[in-house]
Amino acid sequence: METDLISKKELLELTGISYGQLYRWKRKKLIPEEWFIRKSTFTGQETFFPRDKVLARIEKIKNMKEDLSLDEIAELLSPLPIPRSVKRSEVAGLVSETTLRWFTEKYGDPEEWEFGRVLSLYVLDRLVKTGEISLAEGETLYGLLGKTEGMGGEKGCELIFFRKMGVSGFALIEAGQDIRFDDQVKIPVRLQLSQLSEELKIKLI
Amino acid sequence: MDHNDLLISGSMSTAGGTFGQVKISGHATVKGDLQCNDFKVNGNADVSGGVRATDAVIRGNFMADGDFRASSLQLHGHADIKGDCHADRILLRGMTKIGKSLTGEEMEIKGTVHVKENCEAEVFNIQGSFEIGGLLNAGKIDITLFGGAKVKEIGGETITVNRETITSKIARLIKSLFSFSMNHTLTADVIEGDDIRLEYTTASVVRGNHVKIGPGCEIGLVEYKNSLDVSPEATVKERKKI
């Protein structure tokens, strides 16, 4: 799959940011290293970016820059968990009551929740609410998410929910990696965990 | 939790571990990873592993097989770190070799530094010579050349490159006696930044808002947004206003 690329020069023109800003954002890991794609052109080496991703990201940074420092934005955009714990009362506002009740009956109900745990529950709740998975499947999902600390490290990872002849399963792969299934496999859900983690972090500010 | 200190005087080989303070005077070989608050070396230290410390001050000869992480790091002498090196404040004096990337907030370097991959900081200040295999990315880059320097790419906000001018009579004398080649220049493929001021620099492409090309520069292409100033002692093949 060939992604649509944008040159660095065009990117700066379109977004109105300067070289200094771009490099600063790169340093702060607001723009991931793997989006800097080096290609040789007739003028020598040039840097390109995946067009849609980088434009959306820069737009987001520009919007958040008003209220937050670059370090705070970096924390939001990073797939790594935030170190602080989440209070029980906050969790109640993030996931639906049904899911929370089902969960606390099974796994207990502490006052302070780790971010990773809240995120797992948030992902689960999202899929249950849309009717894509059942609560029983959610339990399998929760078990899997609990095994991936930091949601796949710096790169983040992608969650795949698949069905084959009525049997369902989950898979986690490093973001951007290819995965192939046989033709009988249906994939009702494929989502970037980093996106949900970002969403959750923003809600927690 | 309180940890024991590791104090070595003389010549000794020891295992790694977690300590409060590590103080090496003499010659030490540490087999394994080392973690501590204060890390002080006077003499020789070889660590076959990584190092994590709060404050590290190393004088003499130092070698580490793995990564080095500290809040503040001072290296005086000869250091060879095979992995990544990261510290908020970095002070390098002497000859330093980094096998992977060098990252931090503030870097002050006098001497020679070799970085195999990238070098990133908010402030990068060097008087000396260097070689960086990847990208030098810093908010404020201040380079005073005391020797040759080579880097693949430079990117940042303000970038200044100049050469130490020898004015004293003694220095001139030494120069004439040893026919010192003071032909020290910086070589880079691409230099990009907001404010760029270069001297004695050879580069294929320079891009920026305000660009000043000083004496001794040889630039293939300059792309500028606001202003361009080229010294008569510089060559610029092509210039483009964007």
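Report on the accompanying structure. (Residues numbered from 1 in each chain as written. Chains lettered and ligands numbered in written order. Predicted model: local features only at pLDDT ≥ 70, side-chain atom pairs only at ≥ 80, totals over all residues. Heavy atoms only, no water.)

Some details on the interface of chain B and chain A
It is common to give the size of an interface as the accessible area lost on bringing the parts into contact. To keep it simple, the criterion reads: Contact criterion: two residues are considered in contact whenever any of their non-hydrogen atoms come within 4.5 Å of each other. Only one rule defines a salt bridge in this text: a Lys or Arg side-chain nitrogen within 4 Å of an Asp or Glu carboxyl oxygen. Any N or O atom pair separated by 3.5 Å or less is treated as a polar contact, with the protein-specific requirement of one donor-capable and one acceptor-capable atom, and with residues adjacent in sequence counted only for side-chain atom pairs. We count a stretch as a helix when DSSP gives it H or I for four or more residues in a row; a strand needs E for two or more, and each element gets its number in order from the N terminus.
Taken together, the 22 residues of chain B in the interface contact 16 residues of chain A. Run the count over chain B and chain A and you get seven salt bridges. A salt bridge links A:Arg24 to B:Glu157; the shortest N-O distance between them is 3.1 Å. Here chain B and chain A share 11 residue pairs in polar contact (both at pLDDT 80 or more) between them. If you list the elements that add at least two residues to the side of chain B that touches chain A, you get β7 (119-163), β8 (186-198) and β9 (201-213) of chain B.

Quick notes on empty space enclosed by the protein
As a reminder of what qualifies: Think of a 1 Å grid over just the protein atoms. A cavity is a set of points where a 1.4 Å probe fits yet cannot get out, a pocket is an open set with protein on both sides within 12 Å along at least five of seven lines, and lining residues have an atom within 4 Å of a point. Grid points are joined across faces, edges and corners, and a volume is the space filled by probe spheres set on the points.
On inspection of all chains with the given rule, the structure shows one cavity of 30 Å³ or more. Its boundaries defined by the atoms lining it, the largest cavity holds a volume of some 130 Å³. Looking at the largest cavity, it is lined by 13 residues, and the ones nearest its centre are A:Gln45, A:Glu46, A:Thr47, B:Glu192 and B:Arg207. Elements represented by at least two residues in the lining of the largest cavity include exactly α1 (8-15) and β3 (44-50) of chain A together with β7 and β8 of chain B.

Quick word on the nonpolar core
Applied cut-off: For this analysis, a nonpolar core means a set of buried residues of the types Ala, Val, Leu, Ile, Met, Phe, Trp, Tyr and Cys, connected via side-chain atoms within 4.5 Å. Exposure categories follow from relative accessible area, calculated using a 1.4 Å probe and restricted to protein chains: below 20% of the type maximum is buried, above 50% is exposed, and the middle band is partly exposed.
Membership of the largest hydrophobic core comes to 66 residues, with the highest contact counts inside it found for B:Phe39, B:Phe62, B:Phe68, B:Phe124 and B:Leu198. Counting residues per element, this core draws most heavily on β7(B), at 16 residues. Beyond its immediate chain neighbours, meaning those up to four positions away, B:Leu198 contacts B:Ile159, B:Val161, B:Ile191, B:Val206, B:Lys212, B:Ile213, B:Gly214, B:Cys217 and B:Ile219. One finds A:Ile82, A:Leu100, A:Trp113 and A:Leu159 within the second-largest nonpolar core, a separate group that totals 31 residues.

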